[in-house]
Amino acid sequence: MPRRLTVAAAQLGPIQKSDGREVAVQRMVRLLEWAHTRGAELVVFPELALTTFFPRWYHEDIREADRWFETEMPNPAVAPLFEAARRYGIAFHLGYAEKTPEGRRFNTAAFFAPSGEMVFKYRKIHLPGHRDYDPVRKVQHLEKRYFEVGDLGFPVVRAPVGSAGPVNLGMMICNDRRWPEAWRVLGLQQVELVMLGYNTPSMNSENKGFEAHHLRVLHSHLSVQAGCYQNATFGVATAKAGVEDGHELIGHSVIVNPQGEIMAQATTWDDELIVADCDLDLCAFGRRTVFDFARHRRPEAYTRITAQTGSVPPPEWTPSR
Ligand code: CDT
């Protein structure tokens, strides 16, 4: 019996700073309605889906940013979303800013069964940007200020989803997708579906040289397609898109198969649902052939990957005469 799963990326258009959570939640409920109509059994929402991408705003005292954080999940503000998921029998992935009872702050994503029960949680590990106000940057990117590095590793959980039965599920968040190590850690746990949300600005605001705008989308797709192919997994990569508080985000959400092919792609900068039918047995093909890790990997040659963080210059060769 083929293991088929219909998945959706629920891209969100911009959420302005002035929008309350109820605005975002209402739009997400509408996306779940569309997902139901189109037969989706699993829906992936973006990173920090409930608010504007607040790390672009500097606060001297980080507690002033606490209004963007959730202290519990679920909570009354997201109740309509959980009700809709239960009504339609849809499992979903949600990105949000998490503040723990101990006062720790994380950029988090959680995966929920249609019942509303949390199946598992991931806290973002690769935090881009900077900690202090950077006067050189055109736009701040203060994830290192507002979040701690995630402390849950890259977990994979086998859980029943829709008509497919048990599926090996993994998560990453935005910048993580650019790091092959993150994908490989999931691949080594036989992940079959990677869920990831992102907020990627259309412009590289580091002011350290020119980068053409179109390359931002290329780099996003390149990362997800390579990660899926090299680890024989499906991927659902969902964007927040469009002009948010005057700053453009790339959009271009995609669903990718284990061959690295794009199965569906968003074409607007608005709330948009893209859907794909996934034959999960395609993952086994990759894992039995080119990416049969047990047969072909050579970890003894990869020790630098975990022993070293920054790169070092190579030894120099000079001609003997
Ligand atoms: N949210 C997030 O992680 N955004 C980063 C922007 C960094 S600029 C390369 C990203 O990797 O998309």
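Up top is the structure.
Throughout this description, residue numbers start from 1 for each chain and increase along the sequence as written. Since the coordinates come from a predicted model, pLDDT governs what is reported: local features require at least 70, and pairs of side-chain atoms require 80 or more to be given and counted, while whole-chain, interface and lining totals use all residues. Note that water and hydrogens are dropped before the side-chain values are worked out from all heavy atoms of the structure.

## As for the overall build of the protein chain
Here is the rule: Numbered from the N terminus, helices here are DSSP runs of H or I no shorter than four residues, and strands are runs of E no shorter than two. As defined in this context, the radius of gyration uses C-alpha atoms, and a globule is described by 2.2 Å times the residue total to the power 0.38. For the exposure calls, accessible area comes from a 1.4 Å probe over protein chains only, and a residue counts as buried if that area is under 20% of its type's maximum, exposed if over 50%, partly exposed in between. Contacts were defined at the residue level, with two residues in contact if any of their heavy atoms lie within 4.5 Å. We get accessible surface area from the Shrake-Rupley algorithm with a probe of 1.4 Å; when it comes to residues, only the shown protein chains can shield them. When charges are counted, Lys and Arg contribute as positive and Asp and Glu as negative, whereas His and the chain ends are disregarded. Charge coordinates come from a single atom per side chain, which is NZ of Lys, CZ of Arg, CG of Asp or CD of Glu.
Along its length, the protein chain carries 8 helices and 14 strands. A compact globule built from 321 residues should have a C-alpha radius of gyration of about 20 Å, and the protein chain, at 20 Å, falls within 12% of that. Along the three orthogonal principal directions, the C-alpha set of the protein chain runs to about 75 × 55 × 40 Å. Here the protein chain holds 321 residues, and the buried ones make up 52% of them. Long-range contacts, defined as pairs at least 24 residues apart, comprise 68% of the intrachain contacts of the protein chain with a sequence gap of at least 6. Carbon and sulfur atoms form 54% of the exposed surface of the protein chain, whose accessible area is close to 15,000 Å². Mean positive and mean negative side-chain charge positions of the protein chain (37 and 38 charges, respectively) differ by 4 Å.

## Digging into the site of the ligand
We count it as follows: Whether a residue is near a molecule or strand is decided by its heavy atoms; if any one of them lies within 4 Å of it, the residue is near. Polar contacts, as counted here, are pairs of nitrogen or oxygen atoms within 3.5 Å of one another; within protein the pair requires one atom able to donate a hydrogen and one able to accept it, and residues that are adjacent in sequence qualify only if both atoms are side-chain atoms. We place a 1 Å grid over just the protein atoms. Points where a 1.4 Å probe fits but has no way out form a cavity, open points with protein on both sides within 12 Å along at least 5 of 7 lines form a pocket, and any residue with an atom within 4 Å of a point lines it. Occupancy of a cavity or pocket is assigned to a molecule whenever over half of its atoms lie within 2 Å of that pocket's grid points. Under the scheme applied here, ten amino acids are nonpolar (Ala, Val, Leu, Ile, Met, Phe, Trp, Tyr, Cys and Pro), four are charged (Asp, Glu, Lys and Arg), and all others, including Gly, are polar.
Close to the ligand lie 14 residues; K124, C174, N175, R178 and T200 are nearest. Within the backbone of N199, a nitrogen or oxygen atom sits 3.2 Å from a nitrogen atom of the ligand. Summarising the interface, the protein chains cover 88% of the accessible area of the ligand, which totals 350 Å² for the free molecule. Of all the cavities here, the one that holds the ligand is the second largest pocket. Grouping the constituent residues of the shell around the ligand by class yields 4 nonpolar, 4 polar and 6 charged.

## So, the pairing of strand β6 (residues 156-161)
The two faces of the sheet receive side chains in turn, since in a regular strand these alternate between them. Convention followed: Any two strands between which DSSP finds at least two bridges are classified as paired.
Across 6 bridges, the pairing between β6 and strand β7 (residues 165-173) is antiparallel. Looking at the pairing, R158 lines up with N168 of β7. Connecting β6 to the next strand, β7, in antiparallel fashion are 3 residues, including G162 with a positive phi near 50 degrees.

## Quick look at the sheet that holds strand β5 (residues 118-123)
For the record, the criterion: All axes here are fitted lines through C-alpha atoms, helices being fitted over the stretch that makes contact, and every angle between N-to-C directions spans 0 to 180 degrees.
Spatially, β5-β4-β3-β2-β1-β14 is the arrangement adopted by the 6 strands of the open sheet, whose pairing is mixed. Either end of the sheet is taken by a strand with one partner, and the two such strands are β5 and β14 (272-279). For this sheet, the mean angle separating the axes of adjacent strands, direction not counted, is 25 degrees. Of the pairings in the sheet, the one linking strand β4 (residues 105-112) to β5 comprises 5 bridges and is antiparallel in character. Note on β5: the bridge partner recorded for F112 is M118. Together, β1 (4-11), β2 (42-44), β3 (91-99) and β14 form the strand contacts of helix α1 (residues 21-37), whose direction differs from that of β14 by roughly 40 degrees.

## A short note on empty space enclosed by the protein
Definition in use: Grid points are joined across faces, edges and corners, and a volume is the space filled by probe spheres set on the points.
Enumeration over the complete set of coordinates arrives at 1 cavity of 30 Å³ or more. The residue makeup of the lining of the largest cavity, split by class, is 7 nonpolar, 1 polar and 1 charged.

## Digging into α1
Note on helix geometry: an α-helix contains 3.6 residues per turn, so any two residues three or four positions apart are oriented the same way. The condition that has to hold: The span one expects for a helix is its residue count, reduced by one, times 1.5 Å.
Given a rise of 1.5 Å per residue, 17 residues ought to cover 24 Å, and the 24 Å separating the end C-alpha atoms of α1 matches this to within 8%. Of all the positions in α1, only R21, A24, V25, R27, M28, V29, L31, L32 and A35 are classed as buried. On its buried face, α1 sits against β1, β2, α2 (79-88), β3 and β14. Note on α1: the residue one or two positions beyond its end, G39, has a positive phi of about 80 degrees.

## Structural notes on the pattern of salt bridges
Heads up, the condition is: Counted as salt bridges are all cases of a side-chain nitrogen of Lys or Arg within 4 Å of a carboxyl oxygen of Asp or Glu.
Applying the stated criterion to the full structure yields 23 salt bridges. One salt bridge in this structure joins E148 and R104, with 2.7 Å as the shortest N-O distance. Separated by 44 residues along the polypeptide, E148 in the loop between α3 (143-146) and β6 and R104 in the loop between β3 and β4 bring together distant segments of the chain. In this structure R104 comes out as partly exposed when scored by relative accessible area, which is 32%. Here R216 makes a salt bridge to E211, at a shortest N to O gap of 3.0 Å. Owing to a relative accessible area of 24%, E211 belongs among the partly exposed residues under this scheme.

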